[in-house]
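Each chain, written out:
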Amino acid sequence: MKTFKLILRSLISNNACIEGGRKKPWYFAVIMLFLSMIFAILPLFVQTINTNGDDAFATYTYGADVATLRFTEDLNNNGIKMYVKKAEGSESKMIVAEKDGAVVDVNYAHTVPAVDGTQVPDFLFFYRTTIPSDAELQILVGEKQETSFMFFTQNEIIVHLVNFDTKAAIKNIVCQNAPKYLNEGRSINEMLSALADPTARVNETFANWKLFIRDSYNYTRLTALWQTCLIMGGINLGITAFMGFMIWILTRGKNNPYRLFNLWDTQKMAWWAAITPSILSLAFGFLIPRFANILFPMLIGIRVMWLSMKSLRPDGSGYAESN
């Protein structure tokens, strides 16, 4: 019960962090460090795992709704089948475009009328077995890439969105290893709606396309998830260890009454002190997602600075007075 009260006090009391680090078993500090790392990384974890490939179309379609409908119709009209299949002699899957049993390249440009009455492309679609060189890509999509496009290869899908009027780039959606989380036999041709009403036909087809992009993006999303958590977790852990080292450095004065603290003691103090910054990072990370990755490093620095200035004064006040 005394330990539990000390843990609660450590949320706001620097002296409690020092006492816990010095006098309580090491595993309490390790548990608090582990919880601190979990709390600090949780907003980033939730933010990343909830990122989907079709998020770019949440409020606006950028012309992709009609363009995907016409592209799918064009595939069917030309007898081209785009679908997911297993590679020969392998369990890995790939996206192929076939006509009469042979793999073919696909080029399709969806056009809209311009002010002068001419037809201008607003969305381009391509399929190649591999990503072409930069020079070839510039020829296909334009050097400045001022037109939205979807580029399919056997293992990757790239969606480039631009503002049709200003030609400003809006977003790139890169679906790495796209077939990994797609079922074998899943066909782009079958995403075409059979509804008779034109508006409902466009909406249902585009809903199928958005689901396809979301599923294709899963590998990229999950890879970004563990990479982000691993990198930020490592940074947070390193900063916490550095804070423990700084406490040790600040108490090395020849006449400093806290010179008796060894490096292991100061590390445990920092671990005890980390719990409050992690809880604040958890709360503010959800309220202000943009700053979720910098909250814990900033707050742990403030907490340790406060602890050092308040409880570890060279004149022996602070922690010494509480004993």
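Residues numbered from 1 in each chain as written. Predicted model: local features only at pLDDT ≥ 70, side-chain atom pairs only at ≥ 80, totals over all residues. Heavy atoms only, no water.

Trainee: Any chance you could explain the pairing of strand S7 (residues 156-162) here in plain terms?
Mentor: Taken residue by residue, a regular strand's side chains alternate between the two faces of the sheet. For S7, a buried count of six out of seven residues is recorded, marking the element as mostly surrounded by other parts of the structure. Relative to S7, strand S6 (residues 148-152) runs antiparallel, the two being bridged by four bridges. Residue pairing in the sheet places Phe-151 in a bridge with Ile-158 of S7. Counting the residues in the hairpin turn of S6 and S7 gives three residues. In the sheet, S7 pairs with strand S8 (residues 169-176) via seven bridges, with the strands oriented antiparallel. Bridged to Ile-157 within S8 is Cys-175. (Buried < 20%, exposed > 50% of the residue type's maximum accessible area, 1.4 Å probe, protein only. Helix = DSSP H or I, 4+ residues; strand = E, 2+ residues; numbered from the N terminus. Pairing = 2+ DSSP bridges.)

Trainee: What should I look at first to understand the packing of helix H3 (residues 26-49) against helix H7 (residues 218-250) in this one?
Mentor: How two helices sit against one another is set out by the angle between their axes and by the gap between those axes. For the pair H3 and H7, the least separation of the axes is 9 Å and the interaxial angle reads 150 degrees. Classified by the interaxial angle, the pair formed by H3 and H7 is roughly antiparallel. Seen along the crossing, H3 lies across H7 with a hand that is right-handed. Contacts from Leu-33, Met-37, Ala-40, Ile-41, Leu-44, Phe-45, Thr-48 and Ile-49 of H3 reach H7 at Arg-221, Ala-224, Leu-225, Thr-228, Cys-229, Met-232, Gly-233, Asn-236, Leu-237 and Thr-240. Tallied by class, residues from the contact of H3 with H7 come to 12 nonpolar, five polar and one charged. (Axes fitted to C-alpha atoms, helices over the stretch in contact; angles between N-to-C directions. Parallel < 35°, antiparallel > 145°, perpendicular 65-115°, else oblique. Left-handed = near helix turned anticlockwise from the far one by under 90°. Contact = heavy atoms within 4.5 Å. Nonpolar A, V, L, I, M, F, W, Y, C, P; charged D, E, K, R; others polar.)

Trainee: It is not clear to me how H7 should be interpreted in this structure. Could you clarify?
Mentor: A turn of α-helix holds 3.6 residues, and therefore any two residues three or four places apart point the same way. A rise of 1.5 Å per residue sets the reference length of H7, with its 33 residues, at 48 Å; its end C-alpha atoms lie 47 Å apart and thus fit the reference within 8%. Along H7, the residues classified as buried are Asn-218, Thr-220, Arg-221, Thr-223, Leu-225, Cys-229, Met-232, Asn-236, Thr-240, Met-243, Gly-244 and Ile-247. Contact partners of the buried residues in H7: H3, S8, helix H6 (198-216), helix H8 (263-273) and helix H10 (292-311). (Expected span 1.5 Å × (residues − 1).)

Trainee: Explanation requested: the side chain of Ser-216 in the structure shown.
Mentor: Relative to the elements of secondary structure, Ser-216 occurs in helix H6. Exposure remark for Ser-216: the relative accessible area of 0% places this residue in the buried category. Once you skip the residues sitting within four places of it in the chain, Ser-216 turns out to touch Ile-157, Cys-175, Gln-176, Ala-178 and Leu-182.

Trainee: So what exactly am I meant to see when it comes to the sheet that holds S6 here?
Mentor: Strand pairing in a sheet relies on backbone hydrogen bonds. The paired strands run either parallel or antiparallel. Reading across the sheet, the five strands line up as S4-S5-S6-S7-S8 and stay open at both edges, with mixed pairing between neighbours. Each edge of the sheet is formed by a strand with only one pairing partner; in this case those strands are strand S4 (106-113) and S8. Neighbouring strand axes in the sheet, compared pairwise and without regard to direction, differ in orientation by 10 degrees on average.

Trainee: Quick question: what am I supposed to make of the pattern of salt bridges here?
Mentor: The tally for this structure, following the rule as stated, stands at seven salt bridges. Where Arg-214 meets Asp-54, a salt bridge forms, and the shortest distance between an N and an O atom there is 3.0 Å. Residue Arg-214 is found in helix H6, and its partner Asp-54 is found in the loop between H3 and helix H4 (64-77); the two are separated by 160 residues along the sequence. Asp-54 sits in the buried class, given a relative accessible area of 11%. Here Lys-86 ties to Glu-91 by a salt bridge, and the two come within 2.8 Å at their closest N and O atoms. The exposed category is assigned to Glu-91, whose relative accessible area is 63%. (Salt bridge = Lys/Arg side-chain N within 4 Å of Asp/Glu carboxyl O.)

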